[in-house]
Structure formats: C-alpha cells, structure tokens
Amino acid sequence: GHFPRYGCKGQSEFISNEMLTLGEAMRHAGYQTGMSGKWHNGKTRGTIPFDRGFDEAYGLWDGCSNFFNPKIPDPDFKGGRVRPFGHNDVMLEFDDFPEDYFTTDAFTDHAIETIEHFSETGKPFFHYLPYTAPHYPLHAKPEDIAKYKGKYAEGWDVLRQKRLTRQKELGLIDENWIVEDRDGLATPWEEEKDLDFEWQQLRMEVYAAMVDNVDLNIGRLMAALDKLGESDNTLILFLTDNGACAETPGGNDPAQIPGPKEYYSHVGPGWATAQSTPFRRYKQYCHEGGVATPLVARWPDGIKAGTRTDQVGHIIDFLPTFLEMAGSDYP
C-alpha cells in the first residue's frame, strides 16, 4: 500500500488523519476546546486547529511571525514568507491588525475571551496557549525593554555563572554536577562584545522584555480564572517546547536592531548559553540544553503548593494524563 510520509522536511502539513490531537481527545472526553497562538502542524483546510478538534482557534498556523503585525513578511534572508494567520476557518489579512497590536497580548486576549465563554456553559474546558515569544524575531514594546536597560552589561559568561549559583541555591540542580563554563558553540563574551557593545546587550534586554511580557499575560489569564471562580479546579501547565535557541538567521548584524517591528534579530549562541544554564547545547540538539525544559504545574485542588519532583516526563504524557483526569477512554 501507499504510506504518505508526514512531517518530512519540505512538507507543509505535519499531521495525518490517523493522528489524534489533544483537541480531538478532550472533545471526545466532553470538554470544550480552545487554542490561541502557534499551531505549526498544518495550514490547509483539514489540518488547521479548527478542523482538528478545537471549537475556537486563533493564531499562526505556521511558524513565528512579526510580533507587531503577523502579516509583515519575513526578510529575504529568512525566506521572505508571509505567515498564515487565522481565526477559526477565516484567514486574516494585514489590515486586520491594528497599530497597537502585539501577538503575545492578542493570544492572551483570545484565550481569556474563550475561557470566559466556556465558563458560562458549566461544562469543563481545555485551552492550549502556545505563545511565540521569546522566539526570534526579537520584538518587544519600548516600555518593557526599558526595564532591562544595562542589566546584562557583564555579558553571557557572567550571566551563566549567576544563574548557576541561583539554581544551586534553589536546590534545582545538584552541587556535584560538573557544569561547563560556556557551551562549546559560544565564544567568550570578552571576544565578541566589541562587535557592538550596545547591540550585544540590547539582544538580551529585548529577549528579557519578551519573557516579561509573557509573564504579565499569564498573570492576566490567572486573574481572569480567579474572577470566574475557576482557579482552584483548573490545572495549569507551563512549559516550553525546547531549550534556548542559538540560531542566527541573517548572521550577526548590528544593523538589525532588536526591538522594533522593522528589524529581524536573534540572541545567538552567546546569550543562548546563559539561557540554557546549566546544560550544554541548544534547540535542534539532543543534548539536555536542547530537549530538557522545566514544567510548572498549578492545580490548587489537586497538587499541594511547593511540591517538586525530579521525575522526568515527556510531552507525550499529556494526552493519557488529561484523559485519565477527565475520566475518559482513548477514542
């Protein structure tokens, strides 16, 4: 027979009809299902989230876009693509995004609106909120960037050591671990800072501002759950899809200014070595720095606050765990 090769390099669709999405599984379990953010599993009808188990879906169906207007094309060095952006089964265009638009805020707005609507029905709900931040391009609001001005002037080598010390203080890692001072793909700060000292700092300042904005938006979402009276019996799982990213599309170019929508920049291996502390390597590598991420779980009715586990999990554990929590079988 013919077996289509799904998810291969160069293909636009990454899911087949035989694959079960979390949306489809939770809908089967009697849940209302929503999604806000980055899908990247397919952008044609039949593979977009609205067609694959999500009652309400808003966001990018393919990769990461400009944060201030998702329909601004990628630069030529990144392929010049315009990213598909949809709401349910409708594709959005450039003029659908106002001047003050910012994807991280908009994804949260949609998530809150959807959860408010779901809460009114009395039925349980599942919501998937995959932010694009802090994926490049490095885009952030000036007021968020300003909070971090000068905070990284000591460079990535010092930042890695500071984070390592903090991780040991918190008991997150073992004192006996042998940790490299710097990942082998990163160059010493002292050698690279002179490329453009202000620009090198700004890369990390903007990255921090992007994370700060995610933090503020998660606060908004949790406040909305409080207001709805849903907090205690809602499990929130916070994780990232991979370790720090050292990719450098377009190379190290100080003309690409981190922050504003007109430019397209990245943090590079130097800052990524600090972000991946205490591990080696980055996204796209199978070292711990590429594949190990933290998972924070909050569920007041189900998990005692302050609980910590050293158990290693995998994202494939989510589906059976959610179905078990919902008292449902595998469809």
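Here the structure is a predicted model, which is why all the values come from computation and not from measurement.

## Here's the deal with the sheet that holds strand S4 (residues 90–91)
Ordered by their spatial adjacency, five strands build an open sheet running S4-S3-S2-S1-S5, and the pairing between neighbours is mixed. Lying at the two open borders of the sheet, with one neighbouring strand each, are S4 and strand S5 (125–128). Contacts between helix H2 (residues 103–121) and the sheet are confined to strand S1 (32–38), strand S2 (56–60), strand S3 (85–87) and S5, with S1 contributing the most and set at about 175 degrees to the helix.

## A look at unusual backbone geometry
What is expected of a backbone is that most residues other than glycine have negative phi and most peptide bonds are trans. Of note, the bond from Ala133 into Pro134 is cis; its omega dihedral lies within 30 degrees of zero at 0 degrees. With respect to the helices and strands, Pro134 occurs in the loop between S5 and helix H3 (142–146). The omega torsion across Thr277 and Pro278 is 5 degrees, close enough to zero to call that bond cis. If you trace the backbone, Pro278 turns up in the loop between helix H7 (268–275) and helix H8 (288–291).

## Observations regarding helix H4 (residues 156–169)
With 14 residues, H4 should cover 20 Å at 1.5 Å per step; its first-to-last C-alpha distance of 20 Å lies within 8% of that length. For H4, the set of buried residues is Trp156, Asp157, Leu159, Arg160, Leu164 and Gln167. In a view along the axis of H4, the buried residues occupy a sector of 160 degrees, so they form one face of it. Where H4 is buried, its residues contact helix H5 (189–192), helix H6 (197–228) and H7. Just downstream of H4 lies Gly171, where phi reads positive at about 75 degrees.

## Some points on the side chain of Gln167
Structurally, Gln167 can be placed in helix H4. Those residues in contact with Gln167 that lie beyond four places of it in its chain are Leu172, Ile173, Thr277 and Pro278.

## Observations regarding the pattern of salt bridges
Scanning the entire structure with this criterion turns up 19 salt bridges. In this structure, the salt-bridge partner of Glu198 is Lys149, at a minimum N-O distance of 3.5 Å. With Glu198 in helix H6 and Lys149 in the loop between H3 and H4, this residue pair connects regions lying 49 residues apart in the sequence. On the accessibility criterion, Lys149 (57% relative accessible area) is exposed. One salt bridge connects Glu169 with Arg166, and the closest N-O pair in it is separated by 3.6 Å. Placement of both Glu169 and Arg166 in helix H4 is noted, with a separation of three residues, approximately one turn of the helix. Accessibility expressed as a relative area gives 57% for Glu169, which makes it exposed. Relative accessible area serves as the criterion here: at 47%, Arg166 is assigned to the partly exposed category.

## Focus: the packing of H4 against H7
Interhelical geometry of H4 versus H7 gives an angle of 10 degrees and a closest axis separation of 8 Å. The orientation of H4 with respect to H7, classified from their angle, is roughly parallel. Every residue of H7 that contacts H4 at Trp156, Leu159, Arg160 and Arg163 is listed here: Gly270, Trp271, Thr273, Ala274 and Gln275. Here the residues of the contact of H4 with H7 are counted per class, giving four nonpolar, three polar and two charged.

## Topic: the confidence of the model for the protein
Overall, the prediction assigns the protein a mean pLDDT of 95, with 96% of residues at 70 or greater. Taken as a whole, residues 1–5 scores under 50 in pLDDT and shows one contact with residues more than four places along the chain or in a different chain.

What counts, and at which threshold
Residue numbering note: each chain is counted from 1, following its sequence as written. Given that this is a predicted model, residues contribute local features only at a pLDDT of at least 70 and side-chain atom pairs are listed and counted only at 80 or more, while totals for whole chains, interfaces and linings are drawn from all residues. The side-chain figures draw on all heavy atoms in the structure; neither hydrogens nor water molecules are used. Two strands qualify as a pair provided DSSP detects at least 2 bridges between them. Secondary structure elements are taken from DSSP: a helix is a run of H or I of four residues or more, a strand is a run of E of two residues or more, and numbering for both begins at the N terminus. By the convention used here, residues are in contact when the closest approach between their heavy atoms is within 4.5 Å. Axes, fitted as lines to C-alpha atoms, cover a helix only where it is in contact. Angles between the N-to-C directions of the axes lie from 0 to 180 degrees. Working rule for helices: expected span equals 1.5 Å times residues minus one. Summary of the burial criterion: residues with accessible area below 20% of their type's maximum are buried, those above 50% are exposed, and those between are partly exposed, where the area comes from a 1.4 Å probe applied to protein chains only. An arc is given here, and it is the one of the directions from the helix axis to the C-beta atoms. For this analysis, a salt bridge means a side-chain nitrogen from Lys or Arg found within 4 Å of a carboxyl oxygen belonging to Asp or Glu. An angle below 35 degrees is treated as roughly parallel, one above 145 as roughly antiparallel, one from 65 to 115 as roughly perpendicular, and anything else as oblique. Lys, Arg, Asp and Glu make up the charged group, whereas Ala, Val, Leu, Ile, Met, Phe, Trp, Tyr, Cys and Pro make up the nonpolar group; the residues left over, Gly among them, are polar. Note on scores: pLDDT gives the predictor's confidence for each residue, bounded by 0 and 100.

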